[in-house]
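Fold and contact review
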Amino acid sequence: QLAGAVLVEIRTDQGLTGYGLGGGGTAACHVIEQHLRDLLVGADARKIEQLWEQMFASSSFYGRRGLAVMAISGIDLALWDLAGKAAGKPVWQLLGGKVRESVPAYYTGTAMERAYELGFRAFKVGLFEGPADRGNREKLIAQLKDARAVIGRESKLMIDCLCRWDVEYTVEFAVRAVEAELDLYFIEEPLYPDDVLGYARLRRELKSRGLTTRIACGEHEFTRYGFAELERMEAADIFQPDLTWGGGLSEGRKIATAAEKKGIPVMPHRGGSVFGIHLVMSHSNCPMAESFGTGEPGNEMMEAMTAPFAKGEYRAPERAGLGMELSAGLLKRHVPGLG
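So, here is what we can say about the structure in this document.

Attention now moves to the state of the cysteines. In the structure shown here, the tally under the stated rule is zero disulfides. Distance from the sulfur of Cys161, which forms no disulfide, to the nearest cysteine sulfur (Cys163) is 8.7 Å.

Rendered as structure tokens:
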């Protein structure tokens, strides 16, 4: 269910073990084992941000975005897990404490009726057909009308386009969605991640038509430097960094703080995981958390990585570190070679 995910394990000479989730599959494992590992063995695990800067600088000539940063993300999260365990505190406490007791969750998936029963009141629908056949627009509108019928008028409705649209089609669709009274809260990733100029033009086009539909992106962006460019170009209304891909918790904090100064809310991809929830719960600029397996068929590994959930909201884990309980048996069943 998490294609390409890698689980990073770091052990200290004090007998503590930290775990972090990264991306990039076996290629990321190669980067960790053949490069980044040499910067970590013998280092002080408490110097998380220093280690991040060293890893990023040493890999920047071949990996300022993508694979290398995905590998660094898993390491960074494992270091934060270690820091919490060493202090005997959940990571959110190390980040300054909770700013809320729980956070509204938005559901991403296909079992919308089940999600509504679980208490979700915000829902994201995947619309993964491209604009090659512009005649498909009414079919997609009908799909969203069906979703509205399930979730009611009081719930938030969003869409994810998986980077398959263009500016013109997105504007056309946003206009038609208003005509259909769908009240879309945001449109996520309609364009390719690197089309920053396109995102900026899209937002201008929507505003020129008096539309208030928000544009969300950033799931496939990397580090504070990438988000600074989105911010500079006024390319998005909502940022969605993935902490397991885009630089870890260390970068997530910087991204959320910089965005707050510009009035851009941050809703991390996989925010309902233990890897995202500590930022969400400790930062005032994170108003919602995306579901992480909740309401969907899953497995015990994914369940161990999901934040506590009840009545449509996620809560902060209370266990020390990131809050995972990964037994040797669980690791052996799902992550061969670990544990």
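Still more ground to cover, so stick around.
Our focus in this paragraph is helix H1 (residues 25–40). Think of an α-helix as 3.6 residues a turn; residues three or four steps apart then line up on the same face. Along its length, H1 shows its largest kink, about 40°, at Ile32. Taken together, the buried residues of H1 touch strand E1 (6–11), helix H2 (48–63) and helix H3 (67–87). A positive backbone phi angle near 85° is found at Gly42, which sits one or two residues after H1.

All right, on to the pairing of strand E7 (residues 214–217) then. Here strand E6 (residues 184–188) pairs with E7 via three bridges, running parallel. Bridge pairing in E7 places Phe186 opposite Arg214. A crossover links E6 with its parallel partner E7, the connecting element being helix H8 (residues 196–208), and its sense is right-handed. Across two bridges, E7 lies against strand E8 (residues 238–239) in parallel orientation. Bridge pairing links Ala216 to Ile238 in E8. The parallel pair E7 and E8, bridged by helix H9 (residues 223–232), forms a crossover whose chirality is right-handed.

Okay, the pattern of salt bridges next. According to the stated counting rule, one finds 25 salt bridges in the structure shown. Between Arg232 and Glu229 there is a salt bridge whose closest N-O contact spans 3.0 Å. With Arg232 and Glu229 both in helix H9 and three residues apart, this pair spans about one turn of that helix. Within the structure, one salt-bridge network assembled from shared partners comprises Arg137, Glu138, Glu172, Arg176 and Glu179.

What follows is about the packing of H1 against H3. Two elements in contact, H1 and H3, have axes separated by 9 Å at closest approach and are oriented at 60°. Viewed along their axes, H1 and H3 adopt a mutual orientation that is oblique. Relative to H3, the crossing made by H1 is right-handed. Of H3, the residues touching H1 (which contributes Ala27, Ala28, Val31, Ile32, Leu36 and Leu40) are Leu67, Ala71, Ile72 and Ile75. The residue makeup of the contact of H1 with H3, split by class, is 10 nonpolar, no polar and no charged.

Cut-off values and rules
Per chain, residue numbering runs from 1 following the sequence as it is written. Local features in a predicted model are, by the rule used here, given only for residues with pLDDT of at least 70; side-chain atom pairs are given and counted only at 80 or more, and totals for whole chains, interfaces and linings are based on all residues. Side-chain metrics in this entry use all non-hydrogen atoms of the structure; hydrogen atoms and water are not considered. For the purposes of this analysis, a disulfide is any pair of cysteine sulfur atoms at a distance within 2.5 Å. Consider a residue and the seven residues that end there alongside the seven that start there; fitting an axis to each set, the bend is the angle between those axes. In this text, helices come from DSSP runs of H or I with a minimum length of four residues, and strands from runs of E with a minimum of two, each type numbered from the N-terminal end. Whether two residues are in contact is decided by their heavy atoms: any pair within 4.5 Å suffices. Two strands make a pair as long as DSSP finds a minimum of two bridges between them. Here a crossover is taken to be right-handed if, once the strands point away from the viewer, the path from the first strand over the helix to the second is traced clockwise. Between Lys or Arg on one side and Asp or Glu on the other, a salt bridge is scored when a side-chain nitrogen of the former is within 4 Å of a carboxyl oxygen of the latter. Here the axes come from fitting lines to C-alpha atoms, over the contacting stretch only for helices, and the angles between their N-to-C directions go from 0 to 180 degrees. Should an angle fall under 35 degrees it is taken as roughly parallel, and over 145 as roughly antiparallel, whereas 65 to 115 is taken as roughly perpendicular and any remaining angle as oblique. Note: crossing handedness is left-handed where the near helix turns anticlockwise from the far helix by less than a right angle, and right-handed where it turns clockwise. For this classification, the nonpolar set comprises Ala, Val, Leu, Ile, Met, Phe, Trp, Tyr, Cys and Pro, the charged set comprises Asp, Glu, Lys and Arg, and every other residue, Gly included, is treated as polar.

In short, the description is geometric, and any link to function would need to be established separately.
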